Structures are given as C-alpha cells and as structure tokens.
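Reading the structure
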Amino acid sequence: MHLSIEPSKDDVNLKKIIKLLCTTKIRQPLNFEQTKAWLKQFDQGPELTVALLILRFLIYRTSDQLASSLKQALKLATRNFTEQSCLSETYDWREILNGTSEELVFYFGPAKHEFTAPGKSGEIIARLLKSCIGLDSSKLSYPDQFTKLASKERYFLVDDGIYTGHQLNEFIHLHGSFMTSCSQTGIVVAIAHDTGISLFKNNYPNIPIFYGEKITSKNCFETISKEWIDDGIWPYTEITPLEQYFEIVKNKAKFEKKMPLGYGNLGCLIAYDHGIPDDSLQLLWDKSESWNPLVAR
C-alpha cells in the first residue's frame, strides 16, 4: 500500500477538472457526489492518482450524445441502402427510413431480447430510435421474427455500442440467422471499437456496420496509461498505472469475476448515463463485498 499524508497538487487539479465535467452538461447525470463516493475507496498516493486519471479520461456519453452519434450512423446506413438517384441534396434520410419517401421498407430491432423492460438496453434503443427519426413502433421487430426479407425490405440491428463483438455475434447466430444469408441488413451503433468491426468483417462480411463514433486500443486503458508515463502525467517511478490498477483489483476490490480490464480485456474507458458496458474497466462497473462501482450495470 502506498500512502501519503496530503494529496498532490496534480491530484487536486485533476479533482477540479473532474468536478467541472460533472457540474456541466458534459457528464450529467453523473454527478460529483457519485465520483467522490467512488474515489473514497482509493488510498492517497498512486491509488488515488490512477483513479483520478481514469475519471479524467473516461469517455462518458449522455443520451443526447448517443442519439447524435446514432443519427450519424443511421444517415450512413440510409446512404448505403438507397439508390444514389434518390439522394438529392435536400433528401430527408428520416423520411426514407420511415418509408414515406422511398419504396424501401426498413425494420429495426435491438441487440437484446427485450423491448418493454424499463431501463433495459432494448427499451433504451427503442426510445433513441423514436427520438432520432420519429420511428413508428410498428417498425420495431425482433430479428427472429424474420426468416427472410422481401426484395424491398431492409433490417437494422441497433445497439448503443459494439466492442469485442462477441455478444452481438452470438446474438445473430441464435436469433438473426437470416441476416447472414442476404445483403439487406446492417448493424447500426452509436459507438464501435475496431475489434468488433474486424470480427464482423471476418465472420459476417455481408453485414455492414454503421457507427457514429469509432474507438481503438489507443482510447483504452493500457495504451493511455503508457501515455501518462511518457507525458509525465504519472508522477510515480516505483509502480506503473497498469500495475497499480491490477493491485487495487486484486487486493482491494476482490471481484468474483477475474476480468480486471473488462470483457475481452479491451480496457475500455466508456460509460453511458443509462449504464456501462462490461468491456470497460471492472473497477468502474463491478460490485463486491469490498467495492462499489462508479456506474451500475
């Protein structure tokens, strides 16, 4: 355990930045009280510094920000499935997706088997689709409601994000096998990690992925923590940020699941206001007898 009597000047400055992020619309509804409660679990010194840096570099997306990224992905998907002759400078992609200005009929489904459970991913995606394009509920359909598509039909599987791609890959295998045998479907997400994009290019080359925001390993913990050292942001020489992080997970959090860098070891630094993917750092979302998460799953 590394102890110091007083917090460093750098730590104080980081707290000020994090408080500013939490008290503006950038990270609301994540508030500073939540972050302070999470930070109390870390000791002064390297433990607290790594926690503050994680918070500082956390990619936090509000519902409005997710909706904005999802709109970008939907626009790209519209262009992909619409004849160029129909894409005038004044075309309304929302009308095309709603089937009011084109012969194509689009259907949308969540990448989870739920539409009605409050707060669940499927319900959240349905709400986002309605806010993005004013979608009619009749166009929301589970993928296993289809065995094939008519020539004018298109189907989009929609989710907030794709990271390793394993879970969505399995979901399509179990519930959306029709998507693999035609070129009339696509995956639409707000955020995509290049690992998941590569998986689908290899496994399902006929299913394109449309995303509004892309992240790579450069946005994830292992690479970023090395940059903290190189840039002099990390002030300790006796331990690296990654070593300190693993030490906290092992000795303090003591999680039942052994996945400190999250599912697939991606080490994502991502959270939403409606939850957090398990591809993110385990200290951010998991719970044990000795640990409370920053954002509940």
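Notes on the structure in this doc start here. (Residues numbered from 1 in each chain as written. Predicted model: local features only at pLDDT ≥ 70, side-chain atom pairs only at ≥ 80, totals over all residues. Heavy atoms only, no water.)

As for helix 9 (residues 221-230)
What counts, and what does not: Note on exposure labels: buried denotes an accessible area under 20% of the residue type's maximum, exposed denotes more than 50%, and partly exposed covers the range between, all computed with a 1.4 Å probe on protein chains only. Counting from the N terminus, the helices are DSSP H or I runs at least four residues long and the strands are E runs at least two residues long. The directions from the helix axis to the C-beta atoms are what the arc is built from. Between two residues, a contact is recorded if the distance between any of their heavy atoms is within 4.5 Å.
Buried within helix 9 are the following residues: Phe-221, Ile-224, Ser-225 and Trp-228. Along helix 9, the residues classed as buried sweep out an arc of 100° about the axis, all on the same side. Those residues of helix 9 that are exposed and aimed more than 90 degrees away from the buried face are Lys-226 and Asp-230. Looking at the buried side of helix 9, the elements it contacts are helix 3 (46-57) and helix 10 (241-253). A positive phi of about 80° marks Gly-232, the residue just after helix 9.

A look at helix 4 (residues 63-81)
Formally: Helix span, as expected, comes to 1.5 Å for every residue beyond the first.
Spanning 19 residues, helix 4 covers 26 Å between terminal C-alpha atoms, matching the ideal 27 Å at 1.5 Å per step. Residues of helix 4 that are buried include every one of Leu-66, Ala-67, Ser-69, Leu-70, Ala-73, Leu-74, Ala-77, Thr-78 and Phe-81, and no others.

A closer look at the nonpolar core
Applied cut-off: By nonpolar core is meant a set of buried Ala, Val, Leu, Ile, Met, Phe, Trp, Tyr and Cys residues that side-chain atoms within 4.5 Å join together.
Ranked by internal contacts, the top residues of the largest apolar core, which has 37 residues, are Trp-38, Ile-54, Phe-221 and Leu-283. Counting only elements with at least two residues in this core, the list comes to helix 2 (32-39), helix 3, helix 9, helix 10 and helix 11 (282-285). Setting aside its immediate chain neighbours within four residues, Ile-54 contacts Trp-38, Phe-221, Trp-228, Tyr-245, Leu-269, Leu-281 and Leu-284. If you look at the next biggest cluster of nonpolar residues, it comprises 25 residues, including Ala-67, Leu-104, Leu-135 and Leu-140.

Side note on the packing of helix 2 against helix 3
Where we set the bar: Helix axes use the C-alpha atoms of the stretch in contact, all axes being lines fitted to C-alpha atoms, and the angles between their N-to-C directions lie in the range 0 to 180 degrees. Between 65 and 115 degrees an angle is taken as roughly perpendicular, under 35 as roughly parallel, over 145 as roughly antiparallel, and anywhere else as oblique. Crossing handedness is defined as follows: a turn of the near helix away from the far one that is anticlockwise and smaller than a right angle gives a left-handed crossing, while the clockwise case is right-handed. Gly is put with the polar residues, along with every residue not named as nonpolar or charged; the nonpolar set is Ala, Val, Leu, Ile, Met, Phe, Trp, Tyr, Cys and Pro, and the charged set is Asp, Glu, Lys and Arg.
At a minimum axis distance of 11 Å, the contact between helix 2 and helix 3 shows a crossing angle of 150°. Considered as vectors, helix 2 and helix 3 are oriented roughly antiparallel to each other. The two elements helix 2 and helix 3 meet at a crossing, and its hand is right-handed. Along its contact with helix 2, which presents Thr-35, Trp-38 and Leu-39, the element helix 3 presents Leu-48, Ala-51, Leu-52, Ile-54 and Leu-55. Its residues assigned to classes, the contact of helix 2 with helix 3 comprises seven nonpolar, one polar and no charged.

Concerning the pattern of salt bridges
Cut-off, in case you're wondering: Criterion for a salt bridge: a side-chain nitrogen of Lys or Arg within 4 Å of a carboxyl oxygen of Asp or Glu.
A complete count under the given rule lists four salt bridges for this structure. Two residues, Asp-43 and Lys-252, come together in a salt bridge whose shortest N-O distance is 3.3 Å. Pair noted here: Asp-43 is in the loop between helix 2 and helix 3 and Lys-252 is in helix 10, with a separation of 209 residues, a long-range link. This pair shows no difference in class: Asp-43 is buried, exactly as Lys-252 is.

Digging into the pairing of strand 3 (residues 153-162)
Put simply, the rule reads: Any two strands are treated as partners once DSSP identifies two or more bridges connecting them. Classification remark: right-handed applies to a crossover when, strands pointing away from the viewer, the course from the first strand over the helix to the second runs clockwise.
Among the ten residues in strand 3, ten count as buried, and that is most of the element. With seven bridges connecting them, strand 3 and strand 4 (residues 185-193) associate as parallel partners. If you follow Asp-159 over to strand 4, its bridge partner there is Val-189. Handedness of the crossover is the feature at issue here: the chain leaves strand 3, passes through helix 7 (residues 166-175), returns alongside strand 4, and the resulting connection is right-handed.

Examining the sheet that holds strand 4
To summarise the sheet geometry, strands pair through backbone hydrogen bonds and adopt either a parallel or an antiparallel arrangement. With respect to topology, four strands assemble into an open sheet ordered 2-3-4-5, the strand pairing being parallel. Across the chains shown, the open sheet's two edge strands, defined by having one partner strand only, are strand 2 (105-110) and strand 5 (209-215). Between one strand and the next, the sheet's axes are offset by a mean angle of 20°, whatever the strand orientation. When strand 2 meets strand 3, the two strands line up parallel, connected through six bridges. Across the sheet, residue Tyr-107 finds its bridge partner in strand 3, namely Tyr-155. Where helix 4 meets the sheet, it contacts strand 2, strand 3, strand 4 and strand 5, and its direction lies at approximately 145° from that of strand 4. Together, strand 2, strand 3 and strand 4 form the strand contacts of helix 7, whose direction differs from that of strand 3 by roughly 150°.

Some details on the state of the cysteines
Put simply, the rule reads: Here, a disulfide means two cysteine sulfur atoms that sit within 2.5 Å of each other.
This structure, assessed with the given rule, holds zero disulfides. Just so you know, Cys-220 is unpaired, no disulfide at all, and the nearest cysteine sulfur is the one on Cys-268, 4.0 Å from it.

A few points about the packing of helix 3 against helix 10
One can describe the packing of helix 3 onto helix 10 by two numbers: an axis separation of 10 Å at closest approach and a directional angle of 105°. Judged by the inter-axis angle, helix 3 sits roughly perpendicular to helix 10. Taken together, the residues of helix 10 that come into contact with helix 3 (itself represented by Pro-46, Glu-47, Val-50 and Ile-54) are Pro-241, Gln-244, Tyr-245, Ile-248 and Lys-252.

Notes on the packing of aromatic side chains
Keep this limit in mind: Think of it this way: a Phe, Tyr or Trp ring, Trp meaning its six-membered ring, pairs with another when their centres are within 6.5 Å, and the plane angle makes it stacked under 30 degrees, edge-to-face over 60, tilted otherwise. Note on criteria: charge over ring means Lys NZ or Arg CZ within 6 Å of the ring centre, with the direction from the centre no more than 35 degrees off the ring normal.
Taken as a whole and assessed by the stated rule, the structure comprises 17 aromatic pairs. On the basis of an interplanar angle of 45° and a centroid distance of 5.5 Å, the ring pair of Phe-57 and Trp-228 is categorised as tilted. Highlighted residues: Phe-57 in helix 3 and Trp-228 in helix 9, separated in sequence by 171 residues. By way of ring pairs, the aromatic residues Phe-57, Phe-221, Trp-228, Tyr-245 and Phe-246 are connected into one cluster. Over the ring of Phe-57 we find Arg-56, and its NZ or CZ is 5.6 Å from the ring centre.

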